[in-house]
Amino acid sequence: MEFKIANAKLELIHSDITDVEADAIVNAANGTLMGGGGVDAAIHNKGGPKILEECKRLREKEWPDGLPTGNAVATTAGNLKAKKVIHTVGPVWHGGLHDEAKLLRRSYWNTLKLAAAQGLKSVAFPSISTGTYRYPTEEASRVAITAIKDYLEKEGKIEKVTMVLFSERDLGIYTKSAKTLLGVA
Ligand code: AR6
């Protein structure tokens, strides 16, 4: 399903993010930037070792103590179809009273800001924090869509954002939130 936001498009699809063609695909990473499970593993496995090599350099040069939650960094996309992988660290869910929504919004916002700064026009996100980090998908979908909407309304460099949902259930949850927050497509 597709929604129009300012001069840009928000698309919601059910897919594996490593198969998606976009200027940037987003990794739900952890602060070590050294890989992990879920979407992180899928991106490193399919993208090949060049991504991890660049992550290691970023750790050494810029983030010796790890990438803080809510930040984003870009690397090569290796063998993937995308031009870049943007790695962001979403919050771990601790019940909702520990700034989770603020930090999750920051992950989406900083990723879009970095993509725009690098001249990238299309960005594909997974559902950040809703796997290993246990953020409830319904709440996360509202934060994600609101952050994307606010960003696209504020600045016009990004042309297309795709939310890539890994299950029909998650696609349903995101679609319902998008219809509520953005109006029917
Ligand atoms: N394409 C799209 N979405 C996917 C894919 C895929 N190939 N694989 C999983 N998902 P998670 P998090 C969905 O756990 O919660 C890692 O170990 C998945 O179904 O990947 O932010 C990192 O290294 C879920 O809806 O990320 C961190 O340590 C969503 O992606 C930690 O997990 C996010 O699940 C980050 O946890």
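Refer to the structure presented above.
Since this is a predicted model, take the numbers as computed values, not measurements. (Residues numbered from 1 in each chain as written. Predicted model: local features only at pLDDT ≥ 70, side-chain atom pairs only at ≥ 80, totals over all residues. Heavy atoms only, no water.)

## Things to note about the site of the ligand
Item 1. The environment of the ligand is made up of 22 residues, and the closest members are Gly 37, Asp 40, Ser 129, Gly 131 and Thr 132.
Item 2. Taking Asp 16, its side chain carries an N or O atom lying 3.0 Å from a nitrogen atom of the ligand.
Item 3. Separating an oxygen atom of the ligand from a backbone N or O atom of Val 39 is a distance of 2.9 Å.
Item 4. Contact with the protein chains hides 90% of the accessible area of the ligand, taken as 700 Å² for the molecule alone.
Item 5. Comparing atom positions with the cavity grids shows the ligand to sit within the largest pocket.
Item 6. Secondary-structure elements contributing two or more residues to the shell around the ligand are strand 3 (24–29) and helix 1 (38–47).
Item 7. Top contributing element to the shell around the ligand by residue count: helix 1, with 4 residues.
Item 8. Considering only residue class, the shell around the ligand consists of 8 nonpolar, 11 polar and 3 charged. (Near = heavy atom within 4 Å. Polar contact = N/O pair within 3.5 Å; in protein donor to acceptor, adjacent residues only side chain to side chain. Areas by Shrake-Rupley, 256 points an atom, 1.4 Å probe, with all protein chains shown as cover. 1 Å grid on protein atoms, 1.4 Å probe; cavity = no way out; pocket = protein on both sides within 12 Å on 5 of 7 lines; lining within 4 Å. Sits in = over half its atoms within 2 Å of the grid points. Helix = DSSP H or I, 4+ residues; strand = E, 2+ residues; numbered from the N terminus. Nonpolar A, V, L, I, M, F, W, Y, C, P; charged D, E, K, R; others polar.)

## As for unusual backbone geometry
Item 1. Even without being a glycine, Ala 6 presents a positive backbone phi close to 50°.
Item 2. Ala 6 sits in the partly exposed class, given a relative accessible area of 45%.
Item 3. Phi is positive for Ser 129, close to 75°, though the residue is something other than glycine.
Item 4. Position of Ser 129 relative to the elements: it lies in the loop between strand 6 (122–125) and helix 4 (137–154). (Buried < 20%, exposed > 50% of the residue type's maximum accessible area, 1.4 Å probe, protein only.)

## Observations regarding helix 5 (residues 168–182)
Since there are 3.6 residues in each turn of an α-helix, residues three or four apart along the chain are aligned in direction.
Item 1. When the terminal C-alpha atoms of helix 5 are compared, their 20 Å separation across 15 residues agrees well with the 21 Å that a helix rising 1.5 Å per residue should span.
Item 2. Taken together, the buried positions of helix 5 are occupied by Asp 170, Leu 171, Ile 173, Tyr 174, Thr 175, Ser 177 and Ala 178.
Item 3. On its buried side, helix 5 packs onto strand 1 (2–5), strand 2 (8–14), helix 3 (100–117), helix 4 and strand 7 (160–165).
Item 4. Positive phi shows up at Gly 183, right after helix 5, with a value of about 85°. (Expected span 1.5 Å × (residues − 1). Contact = heavy atoms within 4.5 Å.)

## A look at the packing of aromatic side chains
Item 1. For the coordinates displayed, the defined rule picks out 3 aromatic pairs.
Item 2. Considering the side-chain rings of Trp 93 and Tyr 135, the 4.6 Å spacing of their centres and the 55° angle between planes classify their relative orientation as tilted. Residue Trp 93 is found in the loop between strand 5 (84–89) and helix 3, and its partner Tyr 135 is found in the loop between strand 6 and helix 4; the two are separated by 42 residues along the sequence.
Item 3. Taking the centre distance of 4.7 Å and the plane angle of 40° together, the rings of Tyr 108 and Phe 125 count as tilted. In this pair, Tyr 108 is assigned in helix 3 and Phe 125 in strand 6, connecting sequence segments 17 residues apart.
Item 4. Of the residues examined, Phe 125 reaches a relative accessible area of 0% and is grouped as buried. (Phe/Tyr/Trp six-rings, centres within 6.5 Å; stacked < 30°, edge-to-face > 60°.)

## Focus on the layout of surface pockets
Item 1. There is about 540 Å³ of room inside the largest pocket.
Item 2. Taken together, 24 residues form the lining of the largest pocket, with Ala 28, Gly 38, Val 39, Gly 131 and Thr 132 sitting closest to its centre.
Item 3. Put simply, the parts of the chain that give the lining of the largest pocket at least two residues each are strand 3, helix 1 and strand 7.
Item 4. At 4 residues, the largest contribution of residues to the lining of the largest pocket is made by helix 1.
Item 5. Residues belonging to the lining of the largest pocket are distributed by class as follows: 10 nonpolar, 11 polar and 3 charged. (Points joined across faces, edges and corners; volume = space filled by probe spheres on them.)

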